Amino acid sequence: MARSMRFWLTTALIFAAVGAPVTAYSRVEDEYAYNSARLSLSLEYENREYDSMNAKTDSSQFRQIYALNFTGKILSRNLIVYNAQAILTKNISTQSSGAKQDTKMTTYGLNTTLLPKSRIPLTLLGSRNTTGIASNGGSASSSVNTNYGMDWLGRFTTLPETTLSYRNSKNESGANASLSEYYTAHLRKKIGPTSNEANFSKHESTPNTNTNSKSTSTGINASNITHLSKTTRFDARGTKHDAHTNTATNVNADTQGLSLLFDSKPSDEFRQNHSYSFASAKTGVTSTEGNFYSGIMGYDIRRKLQANLNVTDNKTLIRTDQSKSTTHSTSSGAGLTYTAGLLSLSQTLAYSKSETNAPNSTSPLLNNSSFSSTTSAGYNRFFGFGSAGVSARLGYVEAKANEKTGLKGISEGMGANASAHKLDYATLSASASYTQVENKAGDRSKNREFSYNASSANKLWAKYVNLAVSYNKYYSRSWIVERYTTGDTYALNASTSYFSGTSLGLGLSHSNYDNRVNGATTTDTKTFYLGRAFVFLNSTLNSSINRNVSETGFPGGSQSIVSTTYNLDYSKMLLQSVNWTARAFRTESKTDNKNFSNTGTLATSLGYMLRSWAISANYSYTSNERTGYKSSESSYFARLSREFGIIY
């Protein structure tokens, strides 16, 4: 022990005598252009006091870190470069109960690259970490972690660019040992218009060499991107991953997937995009499979006439030893749009169908389908101050649930929108939409949907205050009771930074939401923000208060929450070389049922550079108080560090 300490102290003195501060040689852009050596020293002390419901504990730590690092080349920068390091860490921790623990950790590492600037660089690396822990209770433990591996990169003219990696890790603690091995391979090659990549990985792990438990996982990923032309691209990607654990439960998990994408715009008039993906996963006795397709095509028949078509088809299968469930959904749509100046006409067809086969389920939403044909006309006009538009819709709708027709009839709808964004005093926008189907089947009810939105923000007096108001409402009454929803939201926000160094903000909102499943809920929210910057001792002190009040009503009760946050931040340079920061932070929260939660933090820190020596210290105090519980924690931390270095 004494010999080891003498070695480290002697080395430190040599570097202190002949070394230069690290800033003198860190300007070298290529760290391997010269041989260099660095020694860093760090002494740290930390003390923590914790008080929980009058149960107090106290702990302290004294940590010493010595690190020696060599970087350079052997014979030539193009032949061999290396990076070697040795780190010694000693930590002594003491508890208020009298327990004392002495921890010593030694790390050695070497990383060397052969032919680093060639087409076939080879990197070899290794490290060894030894940790010993001794306590005054007489117990002692030690562990050794050994790692080694290699990375090889091959850049070829005709063969794929290849990267091979290997890692081996062994951890020994007493009579137990664990092993891990990683293998990875990456291939990349561009052939004409195609870019190809493939990845392979394998991981073998033995958590305990004294048992037969072992886990293995492998993965393969491949991709191909082909540019058939400047406007046409085809992508293909595949993946497969297997994981097996040799334990008493023998858990196996296998996943695989395939995705294809075709995107093309062969002319200014025609465009299309098709994607397909397949995925399957099996874990134990549960397996899942899915097939997903999406296609979109568009064609400009004439300059003012456009056609589009879209199709989606999704299938999912979930299987176990006791059950099997399937879901199949498909949708398609087609449309024609004609634009003549300010007038637009469109005709759309839409069809969707969803089928679910799930055991012991009686939901009316399991199997449903719908068809609609809609003719629309719209008129939009731009004015000097904004724009306005109207639209009308007429069509036919038919929908089924569990193979029974529940909705059939003529649909009608209207819409309007207006905006004024070039006014001198404010911006205004509003829109409304309404659709109704008079049902000729089932209970002959009416299927209705409507929504409208309005918002405004001021321009007048904007340098004094910014105001924004909005209102949104949505209503949907469906022939399927579970789909009935309605809701609206009002909001007002105001803010100002007119007064120098001061920010003010106010927000109010009210929302209602109702559906036949969960019932009606209401939420009222009020927020207030005040931020103020003061000049104090020739530096800026930032302060803020943020208050939030939320009241929620729901079937069977209500709840209100009030939370307030206070914050102070201050930073100042003392004596032209000492950086001082301080912060005070507190959050208070309470509910109407008298539950509360309060958290506060006080923190301050000092940083000082004495030539090449870095000195820092900080203190923090945190208190936590909530209903039926109270705790506090304070900590002190100090560090003294320096780096020495030479170039040779």
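Treat the numbers as computed from the prediction; the structure is a model and nothing was measured. (Residues numbered from 1 in each chain as written. Predicted model: local features only at pLDDT ≥ 70, side-chain atom pairs only at ≥ 80, totals over all residues. Heavy atoms only, no water.)

1. Observations concerning the confidence of the model for the protein chain
Atom-level detail of predicted coordinates should not be read off regions where pLDDT is low. What counts is decided by this rule: A residue's pLDDT is the confidence the predictor assigns to it, expressed on a 0 to 100 scale. Any two residues whose heavy atoms approach within 4.5 Å at even a single point are treated as in contact.
Scored by pLDDT, the protein chain has a mean of 89; 92% of the residues are at 70 or more. When the criterion is pLDDT under 50, residues 1-28 qualifies, and its contacts beyond four places in sequence or with other chains add up to 38 contacts.

2. Notes on the pattern of salt bridges
Filter applied, for reference: Each reported salt bridge corresponds to a side-chain nitrogen of Lys or Arg within 4 Å of a carboxyl oxygen of Asp or Glu. Elements are defined by DSSP. Helices are runs of H or I of four residues or more, strands are runs of E of two residues or more, and each kind is numbered from the N terminus.
One pass over the full model with this rule turns up 17 salt bridges. R583 is the salt-bridge partner of D569, the closest N and O atoms lying 3.7 Å from each other. You can see D569 sitting in strand β29 (residues 557-574) and its partner R583 sitting in strand β30 (residues 578-591), a full 14 residues away along the chain. Through salt bridges with shared partners, one network takes in E44, R63 and R639.

3. Quick notes on the pairing of strand β3 (residues 55-74)
Consecutive side chains of a regular strand alternate in pointing toward one face of the sheet and then the other. Heads up, the rule is: At least two bridges found by DSSP between two strands is the condition for calling them paired.
Strand direction decides the pairing type here: strand β2 (residues 36-52) and β3, joined by 17 bridges, are antiparallel. Directly across from S40, in β3, lies its bridge partner A67. Between β2 and β3, which pair antiparallel in sequence order, lie two residues; one of them, M53, sits at a positive phi of approximately 50°. Where β3 and strand β4 (residues 80-95) come together, 16 bridges link them in antiparallel fashion. When the sheet's bridge partners are listed, N69 is paired in β4 with Q85. Once β3 ends, the chain turns through five residues before running back antiparallel as β4, passing L75 with a positive phi of about 70°.

4. Observations concerning the nonpolar core
Applicable threshold: By nonpolar core we mean a set of buried residues, namely Ala, Val, Leu, Ile, Met, Phe, Trp, Tyr and Cys, connected to one another through side-chain atoms within 4.5 Å. Only protein chains enter the accessibility calculation, which uses a 1.4 Å probe. A residue is then buried if its area is under 20% of the maximum for its type, exposed if over 50%, and partly exposed in between.
With six residues, the main nonpolar core is built from L39, L41, Y66, L68, L88 and F644. For this core, the secondary-structure elements that each account for two or more residues are β2 and β3.

5. Quick notes on unusual backbone geometry
Positive phi is not limited to glycine here, since W461 has a value of about 65°. Here W461 lies in the loop between β23 (446-458) and β24 (466-477). Here the phi dihedral of L537 falls at roughly 55°; this positive angle occurs in a residue that is not glycine. Considering the arrangement of structural elements, one finds L537 in the loop between β27 (519-536) and β28 (539-554).

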